[in-house]
Amino acid sequence: MSLLLSLVAQILHVALMLAAAPLAAGGADWLEARFSGRSGASILLPWRDLVRLSRKTVAETDAGSPVLRFAPAAALGATIAAAALVPSFSRSMALSPLADILVIVSLLTVARVAMVLAALDAGAATPGLAAQQSSALAVPAEAALIIAVFAIALMAGGLNLDLAMGQMRDGGLGPAAASAVVLAALLALAVADDGFALSGLEQAETGNGVAVARLTGWLRRLVWIDLIGALFLPFGFATAGAGPLEWSIGLACWGLKLAVFIPCLCAARLTAGRVAARRATELAAFAIMLAVIAAAMVLTSARMA
Amino acid sequence: MAVSALTLLLLTLDMVTLLVVGTMAVVLPAAAGLFLTAGLSAFGALLCLPPLLLQSSAGLIIPAGPPGLHLHLALGPMPAFFLLLILLGGAAIAAFQATARTRAAPKTAVCLSGTILSLLAADGVTLLLGSALMCGAVFPDWNRRRGLAVLLVPLLLFGAVCLLTPAGFAPRFDAIRAAPVGVDRASIAAVMSTAAIAGLICLRPQRGNHALAAGAVLPAGIAILIRLTADLSGQTVQAWWGVVLLAAGGGIAVLQAWRAAADAGIDDAVGNLVRRQAGLMMMGAGLALIAHAADLVQAQSVALQATMMLAVDSVLAGTVATLAAEAMAASAGTVRLSRLGGLIHTMPWTSAALAAGLIALSALPPGLGFAALWLLFQALLSAPRTAALPDQVPLALAALAIALSAAAATSAAVRIAGIAVLGRPRTPAGAGAPELARSARTILSALAALAVIAGLFPGPVIRALAAPAVRGLSGSSAGIRGGLTMLSTSAASPGYAALSVAALLAFATGCVILVLRWRRREGKAGSVWFGGMKPPVNLPFGEPMAQSAGAGFLPGLPDLPGPPRLLHRRHYRGFPRLSPGTIPAAAALWLVFAAFAILLLAVSVTGAGA
């Protein structure tokens with residue numbers, strides 16, 4: 001029974017993530033418009049866009065290889081796989097044993113790589129430039145992410161996400177200063193990733209491909225939010241085997257976290273303005289420094305994980 | 001014991017025959033010499049299985065050489081592990097060269113012969129001869145003075161063995177084990193060994209020899225390094241030797257990954273990715289030394305297993321990627337990435353093999369490279385924690401080096417595949433590049449399949465192949481655990497399940513493809529790739545320069561102010577003075593970050609943040 005419930009919770013989690021990603025994007029755009037004094041579009045606009053794009057006729061060319069055709073699907077598949085491993089409303093789901101933090105961030109890298117390869121396969125100038133820019137930004141950003149994961153693993157005693165969440169619930173990922181520095185690094189990376197990881201890569205696609213690329217970007221943002229929330233606010237999660245009543249409380253807590261995090265992200269974007277490509281690289285380099293400092297702080301602290 | 005002695009005798013004969021084939025290659029038909037080399041290598045690889053399975057050792061003395069310095073050979077689990085890999089890779093390389101009809105027989109046979117001799121060596125003279133043969137066949141460019149620097153490698157290794165030898169004895173390994181020298185001499189020997197192997201990794205092989213470097217020379221170099229530092233100096237190991245190895249390996253890993261993402265030639269770019277793996281192997285060996293100095297057997301075993309997994313990766317993925325890259329360059333008539341492109345259409349099998357190799361060389365799940373990276377992080381996590389800043393900062397910097405190298409390697413792999421394999425052909429020769437012959441394709445496919453299988457089952461592969469060698473070095477059967485699919489280092493944490501992650505990835509991607517097929521509408525022919533315009537009449541492939549040429553895949557480095565040029569008389573204008581305009585704003589920002597970093601480190605040292 002418990003296995004069945006954890007499987008149902010897993011399927012429900014993936015479905016909710018897929019449904020909520022466009023809504024979260026719509027909500028962020030609406031909030032950004034409201035903060036700027038404009039009325040803003042409906043938060044359902046991303047969903048309408050997806051439906052509209054999926055109805056468009058696809059332009060096909062002889063120049064493209066199967067990579068161009070299937071890479072967006074692989075990118076969305078990798079992002080869905082990452083999303084399946086990051087808990088939203090419930091922990092101890094069916095795939096929790098696979099939820100290694102390094103695997104999760106690497107699956108996001110797989111998604112980005114797939115989109116970059118599709119952009120290069122198009123053989124045109126602008127997607128190629130976007131691919132170069134995305135790869136160049138990814139070098140410091142992914143390095144910072146890996147070191148941040150290492151620092152978290154040092155604090156938690158392992159790379160498993162459930163283990164880190166349990167450690168955080170039991171007494172916090174210590175030392176507290178290192179935990180705060182890792183959080184700052186992850187927030188800086190989330191802002192840099194949100195702006196540039198997949199920016200411009202959808203130019204190589206048409207119709208369905210554009211819809212898939214956009215959904216991938218929105219889902220990626222939600223995975224970031226859930227990952228940071230799971231690591232640093234591991235409260236309000238239901239247990240997968242507990243049943244629908246506890247799940248509904250977990251769902252309410254997840255909604256509350258999204259309602260807090262998305263306005264904060266919008267406010268940060270509006271306050272700092274649109275991040276230029278070079279500034280995004282510097283932001284990622286700053287995150288590297290923070291993550292290394294956090295790792296050194298944990299290593300030199302007397303407390304063992 | 002008797003089986004091992006017979007195996008060692010046969011391996012010695014195999015090595016001598018390879019040397020004869022190498023020296024007689026001028027009079028032999030090229031294909032015959034290479035097929036003979038492939039057969040002898042495959043036979044040698046089979047011979048390595050009994051010592052691995054039986055976990056036995058044997059020794060042999062060849063009555064040749066100066067008086068009192070006969071050649072001593074020994075075969076144990078660690079040389080057997082590395083020889084199995086190297087001879088398997090060597091057989092594939094020779095067979096591929098035979099089918100591609102190149103005249104590389106002397107180099108391949110001599111290099112493999114030297115590799116066998118240096119790995120079986122049980123004294124300094126044999127090690128000198130073996131390493132000289134190995135390096136001399138692959139590296140030196142006799143027309144350039146810098147190319148001759150490779151000959152320093154055997155000399156440094158011989159010097160290290162002599163330093164480890166107790167006074168009054170011949171430089172034999174059994175004498176070194178029986179009467180270890182003092183820490184000072186052992187430390188100098190460790191630094192010399194590290195310098196020799198770091199130099200070996202950094203040297204760029206001659207064009208066409210990248211596969212031999214990836215499949216034979218670099219893993220053999222790491223095996224020799226482990227032999228000289230962890231095995232022969234086992235009783236006097238100091239933690240700072242490990243720090244030296246971490247620094248050298250980390251520097252190599254970052255530098256080579258960075259070069260791979262910027263090199264103009266496809267063969268050099270792939271070769272640099274392989275050298276990055278060797279840098280990571282040095283880091284693994286360094287972590288094993290640090291753990292050994294602290295008597296942490298589990299941590300030492302994990303670090304050694306990570307090193308050996310990287311060796312498997314280098315031999316399988318490195319060999320297939322370098323062979324495929326060289327085949328592409330030969331077929332398209334250029335090694336320059338900016339003149340390749342669209343080879344997936346004309347060379348699909350070779351492209352697939354290159355892609356499999358690149359995935360395994362980068363840090364993407366479920367590739368073997370990711371499993372090795374995961375295990376290397378486990379070794380870092382289980383390294384000794386002493387709360388002393390000088391002991392712990394190297395570990396944090398090692399994590400930084402591994403992370404930077406992994407990110408740059410992924411960017412390099414994307415660049416190589418995206419520019420050379422995907423897109424449109426940039427030259428008529430590239431558009432008509434012929435696919436390899438069926439036999440050569442089969443060899444590449446087999447190597448690629450082995451790399452993929454090893455990536456999906458990293459735990460069983462490394463337990464089956466490397467466990468006896470690790471047990472021999474660390475004296476314990478601890479290390480990685482888990483079942484058929486799980487790679488784990490502790491009972492408290494589930495670990496990394498490569499097959500499950502691959503299945504999840506495939507399932508999610510398959511579902512997306514099914515949904516897209518369900519929603520798919522009839523497509524129309526379009527040319528969005530040219531911005532809606534037709535290509536120029538005189539450029540039937542479109543404007544080649546419109547595509548990305550492989551530049552710009554790395555971030556720009558910060559504009560830090562350089563040191564004042566005091567030594568150049570030409571620039572000397574009295575005591576240097578900094579005017580406000582000499583420090584750019586970005587540098588000022590970096591200085592602020594550095595000050596912040598120092599402040600936080602000070603907080604961590606004083607314990608205020610705990």
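Residues numbered from 1 in each chain as written. Chains lettered and ligands numbered in written order. Predicted model: local features only at pLDDT ≥ 70, side-chain atom pairs only at ≥ 80, totals over all residues.

J.: Can you help me understand unusual backbone geometry in this one?
T.: A negative phi angle is the norm for most residues apart from glycine, just as the trans form is the norm for most peptide bonds. Across the junction of Pro365 of chain B and Pro366 of chain B, the peptide omega takes the value 5 degrees, indicating a cis bond. You can see Pro366 of chain B is positioned in the loop between helix 15 (348-361) and helix 16 (368-381). One non-glycine residue, Ser92 of chain A, lies in positive phi territory at about 60 degrees. Residue classification places Ser92 of chain A among the buried positions, given that 20 C-beta atoms sit within 10 Å. Despite not being glycine, Asp295 of chain B has its phi angle at roughly 60 degrees, a positive value. You can see Asp295 of chain B is positioned in the loop between helix 12 (266-293) and helix 13 (297-332). In this structure Asp295 of chain B comes out as exposed when scored by C-beta crowding, with 9 C-beta atoms within 10 Å. (Helix = DSSP H or I, 4+ residues; strand = E, 2+ residues; numbered from the N terminus. Buried ≥ 20, exposed ≤ 12 C-beta atoms within 10 Å, placed from the backbone.)

J.: Where do I start with helix 5 (residues 125-156) of chain A in this structure?
T.: Residues and elements named next belong to chain A. Compared with the 46 Å implied by 1.5 Å per residue over 32 residues, the 45 Å span of helix 5 between its first and last C-alpha is a close match. Remark: the principal bend of helix 5, roughly 35 degrees, maps to Ala138, with a proline, Pro140, within the next four residues. The element helix 5 is largely enclosed, with a buried count of 29 among its 32 residues. Count one or two residues on from helix 5 and you reach Gly157, which has phi positive near 85 degrees. (Expected span 1.5 Å × (residues − 1). Bend = angle between axes of the 7 residues up to and from the residue.)

J.: What is the right way to look at the packing of helix 4 (residues 77-100) of chain B against helix 13 of chain B in this model?
T.: A packed helix pair is summarised by two numbers, namely the angle formed by the two axes and the spacing between the axes. All names here are of chain B. Across the interface, helix 4 lies against helix 13 with an axial gap of 10 Å and an inter-helix angle of 10 degrees. By the angle between their axes, helix 4 is roughly parallel relative to helix 13. For the pair helix 4 and helix 13, the contacting residues are Phe81, Phe82, Leu85, Ile86, Leu88, Gly89, Ala92, Ile93, Phe96 and Ala100 in the first and Met308, Ala311, Val312, Val315, Thr319, Leu323 and Ala327 in the second. Its residues assigned to classes, the contact of helix 4 with helix 13 comprises 15 nonpolar, 2 polar and no charged. (Axes fitted to C-alpha atoms, helices over the stretch in contact; angles between N-to-C directions. Parallel < 35°, antiparallel > 145°, perpendicular 65-115°, else oblique. Contact = placed C-beta atoms within 7 Å. Nonpolar A, V, L, I, M, F, W, Y, C, P; charged D, E, K, R; others polar.)

J.: Just to check I follow, could you spell out helix 13 of chain B for this structure?
T.: Every α-helix carries 3.6 residues per turn, so stepping three or four residues along brings you back to the same face. Residues and elements named next belong to chain B. Taking 1.5 Å as the rise per residue, helix 13 with 36 residues should run 52 Å; its terminal C-alpha atoms sit 51 Å apart, in good agreement. Burial of helix 13 is extensive: 33 of the 36 residues sit out of reach of the surface. Following helix 13 by one or two positions, Gly333 adopts a phi angle in the positive range, close to 80 degrees.

J.: Help me understand the domain arrangement of chain B in this model?
T.: Buried accessible area, meaning the area lost when the parts come together, often serves as the stated size of an interface. All names here are of chain B. Domain boundaries assigned for chain B yield domain 1 (1-236) and domain 2 (237-483). Of note, the centres of domain 1 and domain 2, computed from C-alpha atoms alone, are 22 Å apart. Taken residue by residue, the interface counts 44 residues in domain 1 and 43 residues in domain 2. Contributions of two or more residues to the side of domain 1 that touches domain 2 are made by helix 4, helix 9 (183-202) and helix 10 (210-231). The greatest single-element share of the side of domain 1 that touches domain 2, amounting to 14 residues, is contributed by helix 4. Class assignment of the residues belonging to the side of domain 1 that touches domain 2 gives a composition of 29 nonpolar, 13 polar and 2 charged. (Domains from an automatic or database assignment.)

J.: Looking at this structure, how should I read the packing of helix 15 of chain B against helix 19 (residues 438-456) of chain B?
T.: All names here are of chain B. One way to put it is that helix 15 packs onto helix 19 with a least axis distance of 9 Å and a crossing angle of 30 degrees. As far as their axial angle goes, helix 19 and helix 15 are roughly parallel. Crossing handedness for the pair helix 15 and helix 19: left-handed. Residues Trp349, Thr350, Ala353, Ala356, Gly357 and Ala360 of helix 15 form the contact with helix 19, whose own contacting residues are Arg441, Leu444, Ser445, Ala448, Ala451, Val452 and Gly455. Its residues assigned to classes, the contact of helix 15 with helix 19 comprises 8 nonpolar, 4 polar and 1 charged. (Left-handed = near helix turned anticlockwise from the far one by under 90°.)

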